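This is what each chain is made of:
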Amino acid sequence: MNVADSQRLASSLEKLGYAHSEIIEEADVIVLNTCMVRQSAEDKALGRLSSLKPVKTKNPDIILGLMGCMVGYKDNEEIRKKLPYVDVFAPPSDPKPIIDYILAKEYIGDRADEALSAAPSVWDPASLTLPKNDRNRAVSAFVPIVYGCSHACAYCIIPYKRGRERSRDPQEIIAHIESLASQGISEVTLLGQIVDRYGLDNPEYPTLAGLLRRIHAIEGIRRIRFLTSHPNWMTDELLETVRDLPKVMRHIEVPAQSGNDAVLKAMRRGYTDRAYRDLIARIRETIPGVSIGTDIIVGFPGETEAQFEDTANQLRDLKLDVVHLARYSPRTGTLSERTMTDDVSEAEKWRRFRIIEALQEKIAADHHAKRLGETIEVLFEEKKRGRWVGRSENMDLVYVESDENLTGRYLPVKIEWTGPWTMIGTIADGLGE
Ligand code: SAH
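Cut-off values and rules
- Residues numbered from 1 in each chain as written.
- Predicted model: local features only at pLDDT ≥ 70, side-chain atom pairs only at ≥ 80, totals over all residues.
- Heavy atoms only, no water.
- Helix = DSSP H or I, 4+ residues; strand = E, 2+ residues; numbered from the N terminus.
- Rg over C-alpha atoms; globule rule 2.2 N^0.38 Å.
- Buried < 20%, exposed > 50% of the residue type's maximum accessible area, 1.4 Å probe, protein only.
- Contact = heavy atoms within 4.5 Å.
- Pairing = 2+ DSSP bridges.
- Axes fitted to C-alpha atoms, helices over the stretch in contact; angles between N-to-C directions.
- Near = heavy atom within 4 Å.
- Polar contact = N/O pair within 3.5 Å; in protein donor to acceptor, adjacent residues only side chain to side chain.
- Areas by Shrake-Rupley, 256 points an atom, 1.4 Å probe, with all protein chains shown as cover.
- Nonpolar A, V, L, I, M, F, W, Y, C, P; charged D, E, K, R; others polar.
- Phe/Tyr/Trp six-rings, centres within 6.5 Å; stacked < 30°, edge-to-face > 60°.
- Lys NZ or Arg CZ within 6 Å of the ring centre and 35° of its normal.
- Domains from an automatic or database assignment.
- Buried area = accessible area lost by both parts, 1.4 Å probe.
- Salt bridge = Lys/Arg side-chain N within 4 Å of Asp/Glu carboxyl O.
- Arc of directions from axis to C-beta.
- 1 Å grid on protein atoms, 1.4 Å probe; cavity = no way out; pocket = protein on both sides within 12 Å on 5 of 7 lines; lining within 4 Å.
- Points joined across faces, edges and corners; volume = space filled by probe spheres on them.
- Parallel < 35°, antiparallel > 145°, perpendicular 65-115°, else oblique.
- Left-handed = near helix turned anticlockwise from the far one by under 90°.

1. A word on the overall build of the protein chain
Scanning the protein chain from N- to C-terminus turns up 14 helices and 16 strands. Its C-alpha radius of gyration of 23 Å places the protein chain within 12% of the 22 Å reference for a compact globule of 433 residues. Along the three orthogonal principal directions, the C-alpha set of the protein chain runs to about 65 × 60 × 45 Å. Put simply, the protein chain has 433 residues, and 52% of those count as buried. A separation threshold of at least 6 residues defines the contact pool for the protein chain, and within that pool the share at least 24 residues apart is 72%.

The following block contains the structure:
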């Protein structure tokens, strides 16, 4: 979501005539987009901020902006006071305050007309472009479809920072994706904190399944994904739509977070281990060939060894394809931070983390080994350390060697080597375009 938010700001700035700068000291505008989902993310943002302070002090004409969860959706007096050297603050998914500040400061007198003529196109979804500096711009784009979140999992700060759940107007989404397609984008990933709740907050909007059908009809779009789903909102209609629409990739991100019912309850996730296992069975039954990603938090307050084992066993049984793994990090203001003790030690969180990591490495290696000798379609993105890298429908990372520029191309690749995190192959002759 932060990548999408940053791209939207960069695209708006380009409409005002700004261009990307590789050298930070040469920039006229510097905006730091921030995440607070775990302490490590917050520390990183604070570190970058303190390294930007001398840049701003040396050159006060630079416009320094702070955006995202450190600002939050409510007016945050505290952060304004704490960071007097920051000129402008913008909430997550909303670059408007930054654009308004620049317009007010830079476009005065003669240039007011220019500003007024630029302003509408900055906000028109049909003219949202991908910033020119984006390396993958000819390939893939993130498209937010649900802003905010109203679920309030006990550990999660996002609802406090991104505000209540708001589905985006379907017309606007279509216009946005049509515009991306006209710029050569063929793969889109639809984003929401609970993406499968799309449309449920507005009776006039379609469901996610309905929206997928409309996006599917857009010429030039070849691959569609969506993330992240919450287990409770994965309807049969949605799963059948994924099965039936060839452009919708068979990949589902649906976090379990834990495999223990007491922990799930304390997390306020709203389902049990049994229900999650049944869901995975239903997904696999409905969508043959599907790959499934989960998120797991280890070391939630009070998590015992036995409860942790339930999580490990769930993964062992379900053999999910991808795990996004995190150690519990108390976030100020969340339910778990206010009412529970962060009583699993750092060392123990790491130990549990490594157990899941090792388990996943084995599962992923086994899944990939089954692809050996198969030919699969890969959309190539970029060249990395001498090899071209792209993704399969199932999100597998595939590397090949080629002297040609493969960026943006869909090619059949014969898999010749597999490991837990990547696969290597050669381009199969004759089928590609
Ligand atoms: N709304 C999405 C994504 C949330 S953030 C969802 O619910 O899946 C991505 C992941 O970060 C979460 O799924 C969760 O596993 C993790 N996470 C969120 N808050 C956390 C916290 N306080 N400590 C550790 N991990 C956390």
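2. Structural notes on the sheet that holds strand S10 (residues 291-298)
Strand order across the open sheet formed by 3 strands is S9-S10-S11, with parallel pairing between neighbours. The two strands at the open ends of the sheet, each matched to only one other strand, are strand S9 (251-253) and strand S11 (322-327). On average, each strand axis in the sheet is tilted by 15° relative to the strand beside it, whichever way the strands run. As paired strands, S10 and S11 are joined by 6 bridges and run parallel to one another. By the bridge assignment, Ile297 is partnered in S11 with Ala326.

3. Quick look at the site of the ligand
The immediate surroundings of the ligand are formed by 16 residues, with Tyr155, Gln193, Gln257, Asp295 and Ser329 found nearest. Within the backbone of Ser329, a nitrogen or oxygen atom sits 2.8 Å from a nitrogen atom of the ligand. Contact with the protein chains removes 88% of the 530 Å² of surface that the ligand exposes when unbound. Elements with a minimum of two residues in the shell around the ligand: S10 and S11. The class makeup of the residues in the shell around the ligand is 7 nonpolar, 4 polar and 5 charged.

4. Here we look at the packing of aromatic side chains
Scanning the model with the defined rule gives 5 aromatic pairs in all. Seen in terms of ring centroids, Phe300 and Tyr328 are 5.4 Å apart; in terms of plane orientation they differ by 75°. Their pairing is edge-to-face. Separated by 28 residues along the polypeptide, Phe300 in the loop between S10 and helix H12 (305-318) and Tyr328 in the loop between S11 and helix H13 (335-339) bring together distant segments of the chain. Judged by relative accessible area, which is 0%, Phe300 ranks as buried. Since its relative accessible area comes to 5%, Tyr328 is described here as buried. Centre to centre, the rings of Trp350 and Phe353 are 5.2 Å apart; their planes meet at 70°, and the pair counts as edge-to-face. Placement of the pair is Trp350 and Phe353 together in helix H14 (residues 346-369), with a separation of 3 residues, close to one helical turn. By relative accessible area, which is 13% here, Phe353 ends up buried. Taken together, the ring pairs connect Tyr155, Phe300 and Tyr328 into an aromatic cluster. Above the plane of the ring of Phe353 lies Arg327, whose end atom (NZ or CZ) is 5.6 Å from the centre.

5. Observations concerning unusual backbone geometry
Residue Thr228 follows Leu227 across a cis peptide bond; omega there is 0°. Looking at the secondary structure, you find Thr228 in the loop between strand S8 (223-227) and helix H9 (236-244). Its identity is not glycine, yet Ala152 carries a phi of approximately 60°, on the positive side. Topologically, Ala152 is positioned in the loop between strand S5 (146-147) and helix H6 (158-162).

6. Comments concerning the domain arrangement of the protein chain
Assigned domains of the protein chain: these are domain 1 (2-123), domain 2 (125-369) and domain 3 (375-427). Between the C-alpha centres of domain 1 and domain 2 the distance comes to 28 Å. Contact with domain 1, which involves 25 residues of that partner, is made by 24 residues of domain 2. For the pair domain 1 and domain 2, the two sides together bury roughly 2100 Å², of which 53% comes from carbon and sulfur. The largest per-residue losses of area from domain 1 upon contact with domain 2 belong to Gln7, Glu14 and Tyr73, which jointly make up 24% of the total buried on that side. Viewed at the interface, domain 2 and domain 1 are joined by 2 salt bridges. Our enumeration of links across domain 1 and domain 2 arrives at 8 residue pairs in polar contact (both at pLDDT 80 or more).

7. Side note on helix H4 (residues 96-106)
All of the buried residues in H4 are Ile98, Ile99, Ile102 and Leu103. Viewed end-on, H4 has its buried residues packed into an arc of 135°, placing them on one side of the element.

8. A few points about empty space enclosed by the protein
A full pass over the atoms with the stated rule returns 1 cavity of 30 Å³ or more. Empty space within the largest cavity amounts to approximately 30 Å³. Ala4, Asp5, Arg8, Ser93, Pro144 and Tyr147 together form the lining of the largest cavity. The element that contributes the greatest number of residues to the lining of the largest cavity is helix H1 (residues 2-15), accounting for 3 residues. Residues that form the lining of the largest cavity fall into these classes: 3 nonpolar, 1 polar and 2 charged.

9. What about the layout of surface pockets?
In this model, the second largest pocket occupies a volume close to 520 Å³. Around the second largest pocket sit 20 residues that line it, and Met36, Met70, Asn76, Glu78 and Lys161 are the ones nearest its centre. Those elements giving two or more residues to the lining of the second largest pocket turn out to be helix H2 (39-58), helix H3 (77-82) and H6. Taken together, the residues of the lining of the second largest pocket break down into 8 nonpolar, 5 polar and 7 charged. Composition of the lining of the second largest pocket by domain shows at least three residues from each of domain 1 (2-123) and domain 2 (125-369).

10. Re the packing of H12 against H14
Packing of H12 against H14 brings their axes to within 10 Å, and their N-to-C directions diverge by 15°. Overall, the two elements H12 and H14 adopt an arrangement that is roughly parallel. In this structure, the crossing between H12 and H14 has a hand that is right-handed. Contacts from Glu305, Phe308, Thr311, Ala312, Leu315 and Arg316 of H12 reach H14 at Glu348, Arg351, Arg352, Ile355, Ile356, Leu359, Gln360 and Ile363. Residue classes in the contact of H12 with H14 are distributed as 7 nonpolar, 2 polar and 5 charged.

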